Amino acid sequence: MKKRILLLAGGQSGEHEVSLMSARSVLAALPRDQFDVTPVVISKQGRWLPPTDTARALETGVSVPGGDLVLHRAASAEGYDAVFPLLHGPMGEDGTIQGLLTLAGIPFVGSGVLGSAVSMDKVMTKQVLASAGIPQVAWRLAVRREWGQAPDTVRARAAELGFPLFVKPANLGSSVGISKVRGLDELDAALTLAFSLDRRVILEAMTAHKPREVEVGILGNDAPVASPVGELSFGAEFYDYTTKYTEGQATMHIPAPLPPEVAARVRELGLAAFRALDCAGLARVDFFYVEETGELLLNEVNTMPGFTTTSMYPKLFEAAGLSYSELVTRLVELALERR
Ligand code: ATP
Ligand code: MG
Ligand code: MG
Ligand code: MG
């Protein structure tokens, strides 16, 4: 019997388009002798699009409004053996869809409510990982109401960290809404941007030197394994949206040219973070490596990382001998195992 898979893509976050790209790759790669795959694109308004609109969105990369309410469609999702929620960012990677599917009793790929929600929020992630003894940059939280009513306290909190610093919406991805702030004169614009996208904003110190950016893939449920380590290099000041998604602006190095003990530490810390955050299925764990000091700092955990055939996560496992289509098959198996 073929397994019936519902592939969810698009979604309401700023990473809608990125999700459509990932979904196109997964749709093409799930072996048809094992799986019957139905894609459903979720519009930016949060409606689940009917088949014709879904097919058009996947083909053109643009979704139309319309479609059904999430709850209505979730009930009909009962006919599926598993759901692949290939959604990035809020309302997809943050535990919301995971909660809906848990209530509906349908197995799904990736982390559950807890792991998804905690990993999506950069502040919660830092708090949990700090308690697990994982090294990270210094940071401060600010909430929208403080910025509206007592902006000087927020500015003072930033000044404590020193410049340059990073300002980020706590719950987003693809570098959407992230600014590198070089001095006090750039701070207000960065905070205004971040608060336009999230109620919670994280301020993060930067290391003294421009860090190298290394990433590791984690695959599994309660006995997860780590991929080889990858590195990203780019000319831009930081790994921003344009650098991430413009062909030729960044280069992936797999395996990362690191001393073996540093690579081993990345894998070890990646697994420790996966466990501490109660992740499942998959995660890509991102680090900063400061070559000058030998410091390794965990940046963030992505529970539904970019998933095109050329994305870092699948490439890392390809280097470990798992093809893209074997990887997506394994992810569905892991979803069914967790039932
Ligand atoms: P993803 O698309 O991987 O989910 P994201 O939107 O969650 O990304 P981050 O990974 O937190 O965002 O930050 C994006 C980029 O900004 C990093 O890859 C790095 O280039 C830069 N950056 C973020 N925080 C820092 C920091 N504290 N110090 C130095 N660089 C940073
Ligand atoms: Mg992220
Ligand atoms: Mg992300
Ligand atoms: Mg990142």
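Naming follows an unreviewed UniProt entry, where the protein chain appears as D-alanine--D-alanine ligase of Deinococcus petrolearius.

S.K.: Just checking my understanding: could you explain the overall build of the protein chain for this structure?
M.R.: The number of helices and strands found in the protein chain is 13 helices and twelve strands. Each principal axis of the C-alpha atoms in the protein chain carries an extent, and together these give about 60 × 50 × 40 Å. Counting over 339 residues, the protein chain shows a buried share of 55%. Within the protein chain, contacts between residues at least 6 apart in sequence are counted, and of these 67% link residues at least 24 apart.

S.K.: Hey, could you run me through unusual backbone geometry in this one?
M.R.: Excluding glycine, a negative phi dihedral is what most residues carry, and trans is how most peptide bonds are arranged. Cis peptide bonds are those with omega within 30 degrees of zero, and the linkage from Phe163 to Pro164 qualifies with -5°. Inspection of the secondary structure puts Pro164 in the loop between helix 8 (151-161) and strand 5 (165-169). Cis geometry marks the peptide bond from Ile254 to Pro255, where omega comes out at -5°. Turning to its location among the elements, Pro255 is positioned in the loop between strand 10 (250-253) and helix 11 (260-276).

S.K.: Just checking my understanding: could you explain the pairing of strand 9 (residues 225-234) for this structure?
M.R.: Regular strands have side chains that alternate between both faces of the sheet. Within strand 9, eight of the ten residues are buried, which leaves the element mostly enclosed by the surrounding structure. By the bridge criterion, six bridges tie strand 8 (residues 212-220) to strand 9 in an arrangement that is antiparallel. Following the sheet pairing, Val216 is matched in strand 9 by Val229. Strand direction decides the pairing type here: strand 9 and strand 10, joined by four bridges, are antiparallel. Within the sheet, the bridge partner assigned to Leu232 lies in strand 10 and is Met252.

S.K.: For this particular structure, what's the right way to read the site of ligand 1?
M.R.: The local shell around ligand 1 holds 21 residues, among which Lys122, Lys168, Ser175, Glu213 and Asn302 are the closest. Measuring from an oxygen atom of ligand 1, one finds a backbone N or O atom of Ser174 at 2.8 Å. In isolation ligand 1 offers 620 Å² of accessible surface; the protein chains occlude 96% of this area. Where the shell around ligand 1 is concerned, the elements lending two or more residues are strand 5, strand 7 (200-205), strand 11 (281-290) and strand 12 (295-302). Along the lines of polarity and charge, the residues of the shell around ligand 1 split into eight nonpolar, five polar and eight charged. When residues of the shell around ligand 1 are assigned to domains, at least three map to each of domain 2 (119-135 + 210-337) and domain 3 (139-205).

S.K.: Looking at this model, I keep getting lost on the side chain of Asn302. Mind explaining?
M.R.: Positionally, Asn302 belongs in strand 12. In terms of polar contacts, Asn302 uses its side chain to reach the side chain of Glu300, at 2.9 Å. If we ignore the near neighbours within four places in the chain, the residues touching Asn302 are Glu93, Ala283, Arg284 and Asp286.

S.K.: Is there a simple way to think about the domain arrangement of the protein chain in this case?
M.R.: In many reports, interface size means the accessible area that the parts give up when they come together. The domain architecture assigned to the protein chain consists of domain 1 (3-108), domain 2 (119-135 + 210-337) and domain 3 (139-205). One C-alpha centre belongs to domain 1, the other to domain 3; they are set 32 Å apart. Here domain 1 meets domain 3 over a buried area of about 320 Å², counting both sides, of which 61% is carbon and sulfur. The largest per-residue losses of area from domain 1 upon contact with domain 3 belong to Gly14, Glu15 and Pro90, which jointly make up 84% of the total buried on that side. On inspection of domain 1 and its partner domain 3, the count reaches zero salt bridges.

S.K.: Got a minute to help me understand the sheet that holds strand 6 (residues 179-181) in this structure?
M.R.: Sheets are built from strands that pair by backbone hydrogen bonding, the pairs being arranged parallel or antiparallel. Spatially, four strands are ordered 4-7-5-6 in an open sheet, and the strand pairing comes out antiparallel. A single partner strand is all that each edge strand has here, and the edge strands are strand 4 (139-143) and strand 6. Taken over all neighbouring pairs, the strand axes of this sheet differ in orientation by 25° on average, direction set aside. Pairing of strand 5 with strand 6 involves three bridges; the strand directions are antiparallel. Among the inter-strand pairings, Val167 is bridged to a residue of strand 6, identified as Ser179. Against the sheet, helix 6 (residues 122-131) engages strand 4, strand 5 and strand 7, with an angle of about 55° to strand 7. Helix 8 contacts strand 4, strand 5 and strand 7 of the sheet and is inclined by roughly 170° relative to strand 4.

What counts, and where the lines are drawn
- Residues numbered from 1 in each chain as written.
- Chains lettered and ligands numbered in written order.
- Predicted model: local features only at pLDDT ≥ 70, side-chain atom pairs only at ≥ 80, totals over all residues.
- Heavy atoms only, no water.
- Helix = DSSP H or I, 4+ residues; strand = E, 2+ residues; numbered from the N terminus.
- Buried < 20%, exposed > 50% of the residue type's maximum accessible area, 1.4 Å probe, protein only.
- Contact = heavy atoms within 4.5 Å.
- Pairing = 2+ DSSP bridges.
- Near = heavy atom within 4 Å.
- Polar contact = N/O pair within 3.5 Å; in protein donor to acceptor, adjacent residues only side chain to side chain.
- Areas by Shrake-Rupley, 256 points an atom, 1.4 Å probe, with all protein chains shown as cover.
- Nonpolar A, V, L, I, M, F, W, Y, C, P; charged D, E, K, R; others polar.
- Domains from an automatic or database assignment.
- Buried area = accessible area lost by both parts, 1.4 Å probe.
- Salt bridge = Lys/Arg side-chain N within 4 Å of Asp/Glu carboxyl O.
- Axes fitted to C-alpha atoms, helices over the stretch in contact; angles between N-to-C directions.

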